[in-house]
Amino acid sequence: MLRHVLFRLAGSLPTLLLVSLLVFCLLRLMSGDPAALLVGDLASAEELQRVRAQLGLDQPLPLQYLAWLNTVLHGNLGVSLMTDQPVLPTLLHRFGVTAQIVLPAFVIAAMLAVPAGILAARLQGRAADSAIVLLATLTISMPSFWIGMLLILLFGVELGWLPTMGFAPISNGFTVWAEHAVMPITTLALIETAILVRLIRASAIEVLRQDYVDYARAKGLGERTILLRHVLRNVLSPTVTMLGLILGSLLSGTTVTETLFGIPGLGSFLVEAIYARDYPTIQGTLLFVILLYTAINLAIDLLYPLIDPRVRLR
Amino acid sequence: MAEAKFAVAAILAALLCTSAPAKAAPDEIRVAINSDILSTNPGVLRDGNTDTVLYHVVEALVAYREDLSVGPLLAESVELLEDGRLYRFRLRAGLRFHNGAPVTAREVKWSWDRMLDPATGFRCREFYDGRGANALKIEAIEIFDERTVQFRLNQPSALFLDRMANVQCQTAILHPDSVAADRSWREPVGTGPYRVREWRRGESILLERFADYVARDEPMDGLTGAKIAAVDKLRFVVAPDRMSAKASLYAGQIDLVFAMPLNAVAELAQRERNRGDVHIHRADTLDWTVLLLQSNDKLLADPRMRRAIAHAVSSDLVAEISTFGLARGNSSAVQRSSRFHTAVHDGWPKFDPDEARRLAIEAGYRGDVLTIQANRRFAYMFDNAVAIQALLTAAGFNVRIEVFDWATQLSNFFAGKFQLSSFGYSARSHPALLYGNFTGDKKLRATFQWSDPVAMELLQQVERAGDDATMQSLLDQLHTRMREQVPLIGLYNDPVVDLTRATLHGYRSWALGRPRLWGVTKD
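So, how was this worked out
Residues numbered from 1 in each chain as written. Chains lettered and ligands numbered in written order. Predicted model: local features only at pLDDT ≥ 70, side-chain atom pairs only at ≥ 80, totals over all residues. Heavy atoms only, no water. Helix = DSSP H or I, 4+ residues; strand = E, 2+ residues; numbered from the N terminus. Rg over C-alpha atoms; globule rule 2.2 N^0.38 Å. Buried < 20%, exposed > 50% of the residue type's maximum accessible area, 1.4 Å probe, protein only. Contact = heavy atoms within 4.5 Å. Lys, Arg positive; Asp, Glu negative; His and termini not counted. Charge placed at Lys NZ, Arg CZ, Asp CG, Glu CD. UniProt positions renumbered as here; feature names shortened; annotations may be inferred. Pairing = 2+ DSSP bridges. Axes fitted to C-alpha atoms, helices over the stretch in contact; angles between N-to-C directions. Phe/Tyr/Trp six-rings, centres within 6.5 Å; stacked < 30°, edge-to-face > 60°. Lys NZ or Arg CZ within 6 Å of the ring centre and 35° of its normal.

1. Regarding the overall build of chain B
For chain B, the helix and strand inventory stands at 14 helices and 18 strands. In terms of C-alpha radius of gyration, chain B reaches 25 Å, essentially the compact-globule figure of 24 Å for 523 residues. For chain B, the spread of C-alpha atoms along the three principal axes comes to 75 × 70 × 40 Å. Here chain B holds 523 residues, and 60% of them are scored as buried. At a minimum sequence separation of 6, the contacts of chain B that also span at least 24 residues come to 70%. For chain B, the centre of its 64 positive side-chain charges and the centre of its 65 negative side-chain charges are spaced 3 Å apart.

2. Comments concerning the UniProt feature "domain: ABC transmembrane type-1" (unreviewed entry) in chain A
Feature annotation in UniProt assigns "domain: ABC transmembrane type-1" (unreviewed entry) to the following positions: residues 95–304 of chain A. Structurally, residues 95–304 of chain A is divided into 82% helix and 0% strand, and its ends, taken at the C-alpha atoms, are 27 Å apart.

3. Looking at the sheet that holds strand 15 (residues 420–425) of chain B
All names here are of chain B. An order of 8-9-10-1-11-16-12-15-13-14 is seen for the 10 strands of this open sheet, with the pairing classed as mixed. The open sheet has two edge strands with one neighbour each: strand 8 (194–200) and strand 14 (398–404). Pairing between strand 11 (residues 256–257) and strand 16 (residues 488–501): two bridges, direction antiparallel. Note that in strand 16 the partner of Leu256 across the bridge is Thr500. On top of the sheet, helix 7 (residues 303–312) reaches strand 12 (278–293), strand 13 (369–375), strand 15 and strand 16; it is set at about 155 degrees to strand 12, its chief contact.

4. A look at the packing of aromatic side chains
A complete count under the given rule lists 24 aromatic pairs over all chains for this structure. Judged by centre distance (5.2 Å) and plane angle (40 degrees), the ring pair of Tyr365 of chain B and Phe397 of chain B falls under tilted. Taken together, the positions of Tyr365 of chain B in the loop between helix 9 (353–362) and strand 13 and Phe397 of chain B in the loop between helix 10 (379–394) and strand 14 put the pair 32 residues apart, joining distant regions of the chain. Grouping aromatic residues by their ring pairs yields a cluster made of Trp288, Phe378, Tyr380, Trp406, Phe413, Phe414, Phe423, Tyr425, Tyr435 and Phe438 of chain B. The ring of Tyr279 of chain A has Arg28 of chain A sitting right over it, with the charged end atom 3.9 Å from the ring centre. Here Lys227 of chain B stacks its cationic end above the ring of Trp518 of chain B, 4.5 Å away from the centre of that ring.

What follows is the structure in structure tokens.
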């Protein structure tokens, strides 16, 4: 197992290097000058050049890349062009904020979607199935900002139960965290539940049509046993893959939800950096996101043998 | 599953056990800002929100009054000597920095030396080092006595104080404790009515009342006068979405949202009328929206073509469409709220599509595509572009809009890479400073739009204008010349609409478009 993990991690290094180079090149292909954004319409072209030189943007591109790579190898991801702050601590802080919203939403979505999807598949064509599918379709059709805004208007403005925006870390106390987090978590959980329900339902219908399910029924096994022992286990493989992708996507930023609720998370951090052409921040954040995906994919791969004994780690 | 049930139960229990979320407390005013501040280093790492927060914390020798003239702030008096080449500032008695140290001429000189040091990165250094408009340069900063400091200039300047009062530059007088031993920035140890207590990056910045603040005797006036901190704390909360911020204000969790989207004004007015729990505050700002015309372009190099476009574009109509009727057109760089805006400045090629067509044909226009650059970051620039496109199309021009993100459009502006550009100049307190932004030799700076030698000479005379009458005459001449040459087309001065809770008293929007929270009380 450890060998496998180390092998996979080592294997991801060339990918990271390539992706970092690609990100660097793509960013430099984008028009827009960070120095221009810093000085605005206040300064002259000479001042603009001075700021560019100060930021190291007048250096040849290969040198800029190597300088950035050097900072990465020293583990600090460079300094933000906009705020003059080291990128890594800010990035980790922002990631922590996002994780405190995303992880509960993810767990809630998974807990709701798995039973609902399997139930809908089991009762395919009946009223319960139609209701679940209808709810899921409706939820998927609603943009997250709209769901969020409805929650804000109802629970924040009309009822006055919850703070309409902002974030309190869990270290400030569970209650104050929950007050601030419940609406963004609900917004994310609703959307992700709807996506997962549809996926799990489709997988479960497929599994329920397999011969071994008929065989299990013919053997006289109870429906509950069939669902839990045979159907759920076979549905889990594609579900876990999807869960991994969803988790990676959520953890790398939920920009719309963060913007709406004023949450200083990773998504809004990246978007602000893109608007500001803050190259070290964009590059550092994207590198971090790639690492995150690699780690989640690895974790999913390690989970497969536990779910499906036919899968073996090589 | 049991743990999951417990977690859900715990969340619900926690929510049920908590009372309604805390409203903003009476001793704290909460203001929504749409992005975090960039730093606490005034005039160095800055943007509009940074300036707004910091002018509650730091002060300069002089500041803008409500009527946009410049008045003393830390200074007790300002003397002009040696034919306007020497400015002598006498400091008010009893002034203290946030660390308790007295404010003396030494700190004034230290602060200015730091600003003029290239290593500091002060954004407005070129206003004072001979590289800026009219090559104005501070030749020496001298300590006259404990409370008096004087600035020796290379030439008489009527605009020196206006530059010194510039809000974007914030020529803050700071205590040397503001920087570390290696001269890196620590925190602002200034003289303002509030000081920084806590900055939670990405979330909020909390200012607390400075108990030893020495207010001026005159009533509050612009950014000067009596700046009395009426509440103990100001909290600027980062709320990127204006509509969420508005909902927070309705819920009583925010007290002020400034610069609301103009398309929300009708709804806000209805709320103000029906419920009376909010107030709308409106003002015309000094921000000036324009259509830039690239005179290096083959077509637009011909003044007849530029005049043709001016005849086709009605600034009043564009203002009406883009601001929902909140602003009037203004083709002059002299802002509507300026005391120098006279009837002369309302003169402009009149809206006449037939004349536009005639002039365009005369200038050799044969239906070539005219491209307007715009962006959606600043919605008004896009809206202006759409309105202009419609007006130009109606006059027979072939126009398309190219939408970029702001970073790209701004880079194009600096490089002069545009044909037409829907743009906006940020607030300049004095019209001459705005003219200085776009008047000059284009071969030297692509950002200059008007390379007319006569205009440049007039602008130099403005720098030396000794009185308002001379200034008025020069500004009138500048506009008259601009009307003939149409180097750009002025559209309107941006209106600003701020929204407050009805529990906030004494708040006023004003021409600089950014909130001032001293003198504001809360029930």
